[in-house]
Amino acid sequence: MTIKTSQTLKDLRRDHRNVMLLLNMLEFEANRLAALDEPDYQLMDDIMRYLTTYADVVHHPKEDRIYGQLRVLQPQQSEVLAQIEKDHGEIARFGIELRSDIEAIVSEAIVRRDTVAQDAHNYIEKLRGHIDWEELEMFSLIEEVQSELDEQALAAGSLGKSDPVFGSDVEQEFQRLFTSIQRAINPAQT
Ligand SMILES: [Fe+2]
Ligand SMILES: [Fe+2]
């Protein structure tokens, strides 16, 4: 008998693949910044706008709802779940900081490049580590209880906001980011 994989879990894994791709692109630009080369600030700004408006606003709350159900089904996991909540808060804080650093550069304010490069590396490391942890440990825990998950409640809690970059319709304000992603995935075709 095959167990139906939770649709929410599938969506979360897809988001993780997309976020990992964006973190690689962001890291490439942050390395240029650290090497005193000229990074693509506009691209960094687009990536951070996506991560702070989609990953923090849609992806993490979606996880929080699934972890909320896990907390009820497996109360012995409450400590590790509290750490996840803390991580989500920290990622959002680091992300807002980095986004405002980059926005300041784009609007030609004077910002220390080494500070921005360091903030970018801290953010990338934190978010990558968080995703790896979720994929290796937390999602396995969810898989163990997935037949007991209330998918309807998970779907009902959703904001109904679709992914503005990787979804079926690319939003106008993310068109430039979408093109950069296509170029990064398939440089030969551009
Ligand atoms: Fe998470
Ligand atoms: Fe996640």
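Here the structure is a predicted model, which means the values were calculated and not measured.

## Some points on the coordination of the iron ion (ligand 1)
Point 1. Coordination of the iron ion (ligand 1) by the protein is provided by Glu 63 (OE), His 88 (NE2), His 130 (NE2) and Glu 134 (OE), with metal-donor distances spanning 2.0 to 2.1 Å.
Point 2. Each of the 4 donor atoms bound to the iron ion (ligand 1) contributes to angles spanning 89 to 177°, and the resulting shape is irregular.
Point 3. His 130 gets classed as buried once you look at its relative accessible area, which sits at 1%.

## Structural notes on the coordination of the iron ion (ligand 2)
Ideal values for angles at a metal depend on the geometry: 109.5 degrees with four tetrahedral donors, 90 or 180 degrees with six octahedral donors.
Point 1. His 16 (NE2), His 59 (NE2), Glu 63 (OE) and Glu 134 (OE) make up the full set of protein donors to the iron ion (ligand 2), lying at 1.8 to 2.2 Å.
Point 2. Seen from the iron ion (ligand 2), its 4 donor atoms lie at angles of 79 to 168°, and the figure they make is irregular.
Point 3. The distance between the iron ion (ligand 2) and the iron ion (ligand 1) comes to 3.2 Å, with Glu 63 serving as a donor to both metals. Taken together, the positions of His 16 in helix α1 (residues 7-34) and Glu 63 in helix α2 (residues 41-73) put the pair 47 residues apart, joining distant regions of the chain.
Point 4. Residue class for Glu 63 comes out buried when judged on its relative accessible area of 0%.

## Thoughts on unusual backbone geometry
Point 1. Unusually for a residue other than glycine, Leu 36 sits at a positive phi of about 60°.
Point 2. In this structure, Leu 36 sits in the loop between α1 and α2.
Point 3. Although it is not a glycine, Glu 108 sits at a positive phi angle of roughly 65°.
Point 4. In this structure, Glu 108 sits in the loop between α3 (78-106) and α4 (113-145).
Point 5. On the basis of relative accessible area, Glu 108 is assigned to the exposed category, the value being 71%.

## So, the nonpolar core
Point 1. Among the nonpolar cores identified, the biggest contains 32 residues, and Leu 26, Leu 51, Tyr 123 and Leu 177 are the most heavily contacted of them.
Point 2. It is α2 that provides the largest number of residues to this core, a total of 10 residues.
Point 3. When neighbours within four sequence positions are excluded, Leu 51 is seen to be in contact with Val 19, Leu 22, Leu 23, Asp 56 and Tyr 123.
Point 4. Listed in part, the 15 residues of the second largest apolar core include Leu 9, Leu 141, Ile 142 and Leu 154.

Parameters and conventions
Residues numbered from 1 in each chain as written. Chains lettered and ligands numbered in written order. Predicted model: local features only at pLDDT ≥ 70, side-chain atom pairs only at ≥ 80, totals over all residues. Heavy atoms only, no water. Donors = N, O, S within 2.8 Å, 3.2 Å for Na, K, Ca; no water. Tetrahedral: all angles 85-135°; square planar, octahedral: opposite > 155°, others 65-115°. Buried < 20%, exposed > 50% of the residue type's maximum accessible area, 1.4 Å probe, protein only. Helix = DSSP H or I, 4+ residues; strand = E, 2+ residues; numbered from the N terminus. Core = buried A, V, L, I, M, F, W, Y, C linked by side-chain atoms within 4.5 Å. Contact = heavy atoms within 4.5 Å.

Everything listed here is a matter of geometry and, on its own, says nothing about what the molecule does.
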